[in-house]
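Report on the structure
Take a look at the letters that make up each chain.
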Amino acid sequence: MSEEDTLLRFPTDFPIKIMGERRLSPDGGDDFARAMVELVRRHAPDFRSETAEMRASRNGNYLSVTCVVRATSKAQLDALYREITAHPWVKMAL
């Protein structure tokens, strides 16, 4: 198998869903969402933050942030997932 043993063909649009506890900021935004978008942009600089989709849990305690990145390699996705899952606010990433 080519491209570092993956079935994906690069470049490709790749959705990443990140879930964690909501962290409301004084300005009315969500610090969890901001932190995740910033993290994604470190690995995918062309990611447009306004395209991130957010959904709060039923009780509003948790937030899922879905970012579709233009992935250029398996190494890029691996590094992104490693950083996401190492973040203390993240409960799960798909």
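Residues numbered from 1 in each chain as written. Predicted model: local features only at pLDDT ≥ 70, side-chain atom pairs only at ≥ 80, totals over all residues. Heavy atoms only, no water.

Remarks on the overall build of the protein
Put simply, the rule reads: Secondary structure follows DSSP: runs of H or I at least 4 residues long count as helices, runs of E at least 2 residues long count as strands, and numbering of each begins at the N terminus. Between buried and exposed lies partly exposed: a residue is buried under 20% and exposed over 50% of the maximum accessible area for its type, with that area taken using a 1.4 Å probe on protein chains only. Note on areas: Shrake-Rupley with a 1.4 Å probe; residue coverage comes only from the protein chains shown. Charge counting treats Lys and Arg as positive and Asp and Glu as negative, with His and both chain ends excluded. To locate a charge, take atom NZ for lysine, CZ for arginine, CG for aspartate or CD for glutamate.
In terms of regular secondary structure, the protein is built from two helices and four strands. Listing each helix as α and each strand as β along the protein from the N terminus yields β-α-β-β-α-β. Referenced to the eigenvectors of the C-alpha coordinate spread, the extents of the protein come out at roughly 45 × 20 × 20 Å. With 94 residues in all, the protein has 35% of them scored as buried. Per element, the accessible surface of the protein, about 6100 Å² overall, is 49% carbon and sulfur. Charged side chains of the protein number 14 positive and 14 negative; the gap between the two group centres comes to 5 Å.

Side note on the sheet that holds strand 1 (residues 12–21)
Selection criterion: We treat two strands as partners when DSSP finds at least two bridges between them. In this analysis an axis means a line fitted to C-alpha atoms, helices contributing only their contacting stretch, and an angle means the value between N-to-C directions, from 0 to 180 degrees. Between two residues, a contact is recorded if the distance between any of their heavy atoms is within 4.5 Å.
Spatially, four strands are ordered 2-3-1-4 in an open sheet, and the strand pairing comes out antiparallel. Each end of this open sheet is capped by a strand with a single partner; those strands are strand 2 (53–56) and strand 4 (90–93). Going from strand to strand, the sheet's axes swing by 20 degrees on average, the running direction of each strand aside. With three bridges joining them, strand 1 and strand 4 adopt antiparallel strand pairing. Bridge assignment links G20 to a residue of strand 4, and that residue is V90. Helix 2 (residues 74–86) rests against strand 1, strand 3 (62–71) and strand 4 of the sheet, and its axis sits at about 5 degrees to strand 1.

Concerning the side chain of Q76
Checked against the element boundaries, Q76 lands in helix 2. Exposure remark for Q76: the relative accessible area of 14% places this residue in the buried category. Residue contacts for Q76: discarding those within four places in its chain leaves H43, A44, R70 and A71.

Let's talk about the pattern of salt bridges
Definition in use: Salt bridges are defined as contacts in which a side-chain nitrogen from Lys or Arg sits within 4 Å of a carboxyl oxygen from Asp or Glu.
One pass over the structure, following the stated rule, counts nine salt bridges. A salt bridge links K91 to E21; the nearest nitrogen and oxygen atoms lie 3.3 Å apart. In this pair, K91 is assigned in strand 4 and E21 in strand 1, connecting sequence segments 70 residues apart. A residue is classified by how much of its surface remains accessible, and E21, at 33% relative accessible area, is partly exposed. The partner of R34 in a salt bridge is D31, and the shortest N-O contact between them spans 3.4 Å. Here D31 and R34 lie together in helix 1 (residues 31–43), a separation of three residues that amounts to about one turn. Taking relative accessible area as the criterion, R34 reaches 40% and is therefore assigned partly exposed. Judged by relative accessible area, which is 29%, D31 ranks as partly exposed. What you see here is one network of salt bridges that share partners, running through D27, D31 and R34.

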